[in-house]
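Chain residues, written in single-letter form:
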Amino acid sequence: MNEGWFTFCLVAAIILCSGCVLVAAIMRTVAVQRQREALITDNLRALEESTVFLIEQLRSETERMIAEVEQRRKVLAELIAEFDKQLSVIARK
């Protein structure tokens, strides 16, 4: 009779230990997955911030370049007008 209880307790202990190992493995997997998701979220947040920063830099650089082109256009228009005046003076002679 004692041998039956001993066998039952041994089998129950093995099952409980196996269950604990299984639960620990599942918990570790869940923890790793949560860390991975947190990393992905952090990476996406950092990527979004970088993208916003780059867009702002691109916008300011574009505005600067547009102003520079506009200034060069004005200078070129003045040079063309001066050249036209000089051509008309030469044509009159």
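Computed from a predicted model, the values in this text were never measured in an experiment. (Residues numbered from 1 in each chain as written. Predicted model: local features only at pLDDT ≥ 70, side-chain atom pairs only at ≥ 80, totals over all residues. Heavy atoms only, no water.)

1. Comments concerning a nonpolar patch on the surface
- Nonpolar side chains collect at one region of the surface, where Val 75, Leu 76, Leu 79 and Ile 80 lie side by side and expose about 370 Å² of accessible area between them.
- Relative to the helices and strands, Ile 80 resides in helix α1 (residues 2–92).
- Residue classification places Ile 80 among the partly exposed positions, given a relative accessible area of 46%. (Patch = residues over 30% accessible without salt bridge, like charges linked within 9 Å, V, L, I, M, F, W, Y side chains within 5 Å. Areas by Shrake-Rupley, 256 points an atom, 1.4 Å probe, with all protein chains shown as cover. Salt bridge = Lys/Arg side-chain N within 4 Å of Asp/Glu carboxyl O. Helix = DSSP H or I, 4+ residues; strand = E, 2+ residues; numbered from the N terminus. Buried < 20%, exposed > 50% of the residue type's maximum accessible area, 1.4 Å probe, protein only.)

2. A word on the packing of aromatic side chains
- All told, the structure shown has 1 aromatic pair when counted by the stated rule.
- Seen in terms of ring centroids, Trp 5 and Phe 8 are 6.0 Å apart; in terms of plane orientation they differ by 90°. Their pairing is edge-to-face. Placement of the pair is Trp 5 and Phe 8 together in helix α1, with a separation of 3 residues, close to one helical turn. Assigned by exposure class, Trp 5 and Phe 8 land together as exposed. (Phe/Tyr/Trp six-rings, centres within 6.5 Å; stacked < 30°, edge-to-face > 60°.)

3. Describing the pattern of salt bridges
- Counting across every chain of the model gives 5 salt bridges.
- With its nearest N and O atoms 3.2 Å apart, the salt bridge here joins Glu 68 to Arg 64. Residue Glu 68 and its partner Arg 64 are located together in helix α1, separated by 4 residues, close to a single helical turn.
- On the basis of relative accessible area, Glu 68 is assigned to the partly exposed category, the value being 24%.
- Salt-bridge contacts for Glu 68 lead to Arg 72; the nearest nitrogen and oxygen are separated by 2.9 Å. Separated by 4 residues within a single helix, Glu 68 and Arg 72 lie in helix α1, roughly one turn from each other.
- The exposure class assigned to Arg 72 is exposed, which follows from its relative accessible area of 58%.
- Taken together, the shared-partner salt bridges in this structure form one network comprising Glu 61, Arg 64, Glu 68 and Arg 72.

4. Some details on the environment of Ile 15
- Within the secondary structure layout, Ile 15 lies in helix α1.
- As a C-alpha pair, Ile 15 and Val 75 span 60 residues in sequence and 89 Å in three-dimensional space.

5. So, the state of the cysteines
- Evaluation of the coordinates by the stated rule reveals 0 disulfides.
- Unpaired in this structure, Cys 17 has its nearest cysteine sulfur neighbour in Cys 20, at a distance of 6.3 Å. (Disulfide = S-S within 2.5 Å.)

6. Brief notes about the environment of Ala 81
- Residue placement: Ala 81 occurs in helix α1.
- A relative accessible area of 36% means that Ala 81 is categorised as partly exposed.
- With 23 residues separating them along the chain, Ala 81 and Leu 58 place their C-alpha atoms 34 Å apart.

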